[in-house]
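# Structure at a glance
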Amino acid sequence: EIIAQLREVSLDLRPAILDELGLLPTLLKYVEGYTSRTQVQVILLHSGLGRRLPSDIETVAYRIVQETLSNVARHAGVDKARIYVKLTPSLLILQIEDQGSGFDVEAKLLRGTACGLIEMQERARGAGGQLRIESKPGTGTRVTAKFPLHQAR
């Protein structure tokens, strides 16, 4: 049972479909399962995702979506969220937003209760990108990640 649970966690961190089919099919599948589990409807809008991206960027983008939507389900108090994914010749832009309860980003970081947010920022930087978290109590949250594609395939 423990091995099965570890396997499931491992697949959640980097599902095989990501290697096989790329970011868009993986996000579509994740969103479908997420909505089924949480009852939070996710609108996924995308543009330009007709080509594969470097593996590290696909993985980090997927993990940012996963962590952000997890936070939406736990804290936002909403039944809808949106994901925008845009691929240009030189940049991947990923934005996840909700109109939920929001929070004070700086206060959360200062209190040390934002491990997931810090981890997302570190992951983005590790892949050569940047992550911005915008939120205020009562106004919802927007997480934006941008990744330069110097070696896009």
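Residues numbered from 1 in each chain as written. Predicted model: local features only at pLDDT ≥ 70, side-chain atom pairs only at ≥ 80, totals over all residues. Heavy atoms only, no water.

### Observations regarding the overall build of the protein
Broken down by element type, the protein carries six helices and five strands. The N-to-C order of helical and strand elements in the protein reads α-α-α-β-α-β-β-α-α-β-β. Counting every position in the protein, which comprises 153 residues, the buried fraction comes to 41%. Of the roughly 8700 Å² of accessible surface on the protein, 52% is carried by carbon and sulfur atoms. (Helix = DSSP H or I, 4+ residues; strand = E, 2+ residues; numbered from the N terminus. Buried < 20%, exposed > 50% of the residue type's maximum accessible area, 1.4 Å probe, protein only. Areas by Shrake-Rupley, 256 points an atom, 1.4 Å probe, with all protein chains shown as cover.)

### Focus: the side chain of E67
Its place among the elements puts E67 in helix α4 (residues 55–76). Despite its burial, E67 pairs with no opposite charge; the closest candidate is R74, at 4.0 Å N-O. (Lys, Arg positive; Asp, Glu negative; His and termini not counted. Salt bridge = Lys/Arg side-chain N within 4 Å of Asp/Glu carboxyl O.)

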